[in-house]
Amino acid sequence: MHDRPTRSALYIPGSKDRALEKARSLPVDVILFDLEDAVTPDAKVAARDTLFAALAGGGYGMRLRIVRINALDTAWGREDAAAVAAMDCDAILLPKVNSTADVDALAVLVPDLPIWAMMETPQGVLNAASIAAHPRIAGFVMGTNDLAKDIGSRGRPALMMALQMCLLAAKAAGIVALDGVYNAFQDDDGLQAECTEGRDIGFDGKTLIHPAQIAITNAAFGPSDADIDLARRQIAAFADAEAAGQGVAVVDGKIVENLHIVTAKATLAKAEAIAALENV
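Counting restarts for each chain, with residues numbered from 1 along the sequence as it is written. Reporting in this predicted model follows two pLDDT cut-offs: at least 70 for local features of residues, and 80 or more for side-chain atom pairs to be given and counted; totals over whole chains, interfaces and linings ignore these cut-offs and use all residues. Hydrogen atoms and water are omitted, and side-chain values are computed over all heavy atoms in the structure.

Asks: Lay out the overall build of the protein chain with the relevant residues and their values.
Replies: Strands are runs of DSSP state E lasting at least 2 residues, helices are runs of H or I lasting at least 4, and numbering of each runs from the N terminus. Broken down by element type, the protein chain carries 12 helices and 10 strands. With C-alpha atoms as the basis for the radius of gyration, the globule rule is written as 2.2 Å multiplied by the number of residues raised to the power 0.38. Here the C-alpha radius of gyration of the protein chain, 20 Å, is about what a compact globule of 280 residues would show, namely 19 Å. By its C-alpha atoms, the protein chain is 70 × 40 × 40 Å across when sized along the principal axes. Partly exposed residues are those whose accessible area sits between 20% and 50% of the maximum for their type, while under 20% is buried and over 50% is exposed, using a 1.4 Å probe and protein chains only. Here the protein chain holds 280 residues, and 51% of them are scored as buried. Contact between two residues is taken to exist if any of their heavy atoms lie within 4.5 Å; hydrogens are not considered. Within the protein chain, residue pairs in contact and separated by at least 24 positions form 66% of the contacts whose partners lie at least 6 positions apart.

Printed below as a string of structure tokens:
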């Protein structure tokens, strides 16, 4: 699953037919079909059937389809899990993951789907390494709003240690890590800055609350034309150096070693995967 683009992940309420239909045409890499925060308590039961029908109807192309359920200790969580187990989706997203015990509990209810974990509690952050290493876990989604609430912090800098702890755990386990949402959906400059920061520290993509945020996020987390050009030139230069019996090359005045070639090849592979997704 990690080979698929995850630049942008948009939350879509599982109870809204119009939103579910619109999601079929949005240029987003991941759709987070939400049965939790985006659905009011009185609509949660009906939302399962609405979402089941939408997913059964198809039309979402190569987008990664992940369903977020309510926490298992709520009145809806276990029945959500049972419903999602029968849905045509790619993974299930569990909120409020505190430890591997929470993952184990969901794994029993949903034996066949990859599990993603919302990392949004102080306990969850402290247990990030063991959660990421769980054999059923395929990705982390940062829940920065809930995390800030629980910590009592204000501003993204106060969350940086928690973000990086979860990011390191995800990278060590080889799973996807998605940054939290940017709440001011009309603030393009702020979104751009937060996307750039998230990309630069290593996140694979960012979760979104509005379609207007997709274009900026896709551009930030996808390789630019300059990135692709540099990757190609590094690979070519290193191949020439190896053919000449040398272990390093020089591109744009900088040393290029084998580790840079690994990154360059990953850049080209990501660009190809994005192109394939966008051409469907």
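Having put the structure on the table, let's press on.
Asks: Help me get a handle on unusual backbone geometry, residues and values and all.
Replies: Phi is positive for K96, which is not a glycine, with a value near 55°. Here K96 is to be found in the loop between β4 (91–94) and α4 (100–109). For K96, a relative accessible area of 28% gives the class partly exposed.

Asks: Hey, could you go over the side chain of N70 for me, with residue numbers and the actual values?
Replies: One can find N70 in the loop between β3 (64–68) and α3 (77–84). Looking at N70, the relative accessible area reads 4%, which means it is buried. Engagement of the side chain of N70 in a polar contact is seen with the backbone oxygen of L35, the distance being 2.9 Å. The term polar contact refers here to a pair of N or O atoms within 3.5 Å; inside protein, the definition further demands a hydrogen-donor-capable atom paired with an acceptor-capable atom, and it admits residues adjacent in sequence only when both atoms are side-chain atoms. A polar atom in the side chain of N70 sits 2.9 Å from the side chain of K44. Discounting chain neighbours no more than four positions away, the residues touching N70 are L35, E36, K44, W76, G77, D80 and P95.

Asks: So what about a nonpolar patch on the surface? Which residues, and what values?
Replies: On the surface, L126, M161 and M165 cluster together into a nonpolar patch covering about 340 Å² of accessible area. Its place among the elements puts M161 in helix α8 (residues 160–173). For M161, a relative accessible area of 61% translates into the label exposed. Without a salt bridge and with relative accessible area above 30%, a residue can belong to a patch; like charges are then joined within 9 Å and nonpolar side chains (Val, Leu, Ile, Met, Phe, Trp, Tyr) within 5 Å. Using the Shrake-Rupley algorithm and a 1.4 Å probe, accessible areas are obtained, with residue cover drawn only from the displayed protein chains. Salt bridges are counted wherever a side-chain nitrogen of Lys or Arg sits within 4 Å of a carboxyl oxygen of Asp or Glu.

Asks: Describe the nonpolar core, listing the residues and the values that go with them.
Replies: Generally speaking, soluble globular proteins have nonpolar side chains that are buried together. We define the nonpolar core as a collection of buried residues of types Ala, Val, Leu, Ile, Met, Phe, Trp, Tyr and Cys that are connected through side-chain atoms lying within 4.5 Å of one another. Among the nonpolar cores identified, the biggest contains 63 residues, and V67, V84, L106 and F140 are the most heavily contacted of them. The element contributing the most residues to this core is α8, with seven residues. If sequence neighbours within four positions are ignored, V67 has contacts with F33, L35, L51, L55, V84, M87, C89, A91, I92 and L93. Core analysis: the next-biggest nonpolar cluster, separate from the first, contains 15 residues, L32, I66, L93 and V176 among them.

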